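Descriptive structure summary
What follows is the residue order along each chain.
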Amino acid sequence: MDWNGDGRDEVLTASTQGVNLFESKGRGADLQWTKTLLTPCDQISDRYHGASEIGVGKVQGHRFLATIEPWHGNKVVVYTRRTGGFSERHVIDASFNNGHALVCADLDGDGNDEIVAGYRGPGTSLFIYHSTDERVTRWERETLDKESDLDAVYVATPDHWHAAISMAAMRKQKHVLCQKPMTHTIGDARRVAQMSREMHVTASLPVNNPSTESTRLI
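What comes next is a walk through the structure. (Residues numbered from 1 in each chain as written. Predicted model: local features only at pLDDT ≥ 70, side-chain atom pairs only at ≥ 80, totals over all residues. Heavy atoms only, no water.)

**Some thoughts on the pairing of strand E3 (residues 32-39)**
Here strand E2 (residues 18-25) pairs with E3 via 7 bridges, running antiparallel. If you follow Ser24 over to E3, its bridge partner there is Trp33. As consecutive antiparallel partners, E2 and E3 are separated by 6 residues, and within that stretch Gly26 has a phi angle of approximately 80°, a positive value. (Pairing = 2+ DSSP bridges. Helix = DSSP H or I, 4+ residues; strand = E, 2+ residues; numbered from the N terminus.)

**Observations concerning the sheet that holds strand E7 (residues 85-93)**
Spatial strand order, E4-E5-E6-E7: 4 strands in an open sheet with antiparallel pairing. Only two strands of the sheet have a single partner each, and these edge strands are strand E4 (53-59) and E7. Taking the axes of each pair of neighbouring strands and ignoring which way they run, one obtains an average angle of 30° across the sheet. (Axes fitted to C-alpha atoms, helices over the stretch in contact; angles between N-to-C directions.)

**Considerations on the packing of aromatic side chains**
When we look at a pair of aromatic rings, we describe it by the centre distance and by the angle of the planes. Considering all chains together, one arrives at 6 aromatic pairs under this definition. A centroid spacing of 5.0 Å and a plane angle of 50° characterise the contact between Phe96 and Tyr119, whose relative ring orientation is tilted. With Phe96 in the loop between E7 and strand E8 (99-105) and Tyr119 in strand E9 (residues 114-119), this residue pair connects regions lying 23 residues apart in the sequence. Exposure class is identical for Phe96 and Tyr119. Each is buried. Through a chain of ring-to-ring contacts, the aromatic side chains of Phe96, Tyr119, Phe127 and Tyr129 assemble into a single cluster. Taking the ring centre of Trp3 as reference, the NZ or CZ of Arg63 above it sits at 4.1 Å. For the cation-ring pair, Arg141 lies above Phe127, with the distance from its terminal atom to the ring centre recorded as 3.9 Å. (Phe/Tyr/Trp six-rings, centres within 6.5 Å; stacked < 30°, edge-to-face > 60°. Buried < 20%, exposed > 50% of the residue type's maximum accessible area, 1.4 Å probe, protein only. Lys NZ or Arg CZ within 6 Å of the ring centre and 35° of its normal.)

Have a look at this one:
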């Protein structure tokens, strides 16, 4: 994502160290990267530290960070920017069991981003969080997967969500039909295939114009 509006993409990572921002300058052999710690996240838990997921959103034009803490932990946490960086921390949910997926997006078209997050431990579930104040300190939770009698899920979101939502559905033992591309990386494609095998469900892509020669060659 273009974090600072300079026309170049930056990289955000979540790890046991916390959330880091990587910025680049130069090109080719002169390309250099700098690393900035935005927040250390949870460094006090006994077994794991930091965060395992990072999402970026905006409410009323103000940017926030959303994480799962500690690493594959039990908390959904929101950070808002104050003097000195993203120093204001809000735990909006502490009921997760092995938290494993998080994205931020404007789901209802009101100009403010929501958080979608889920966990894969016993009682696995997926939730949407809506901010209820301009300071991004209070959030309401809505259960996304309460329709337990579903057999399959059709994923037709923007494609950067495809892998995460497909994986979350398969963890609930739902078959998946996903618009192309199902993933953005070979690694994610292998994880989707492995999850399909482990959960004994089908993951497939729709293929248009099946009678054309180019499609038959595939």
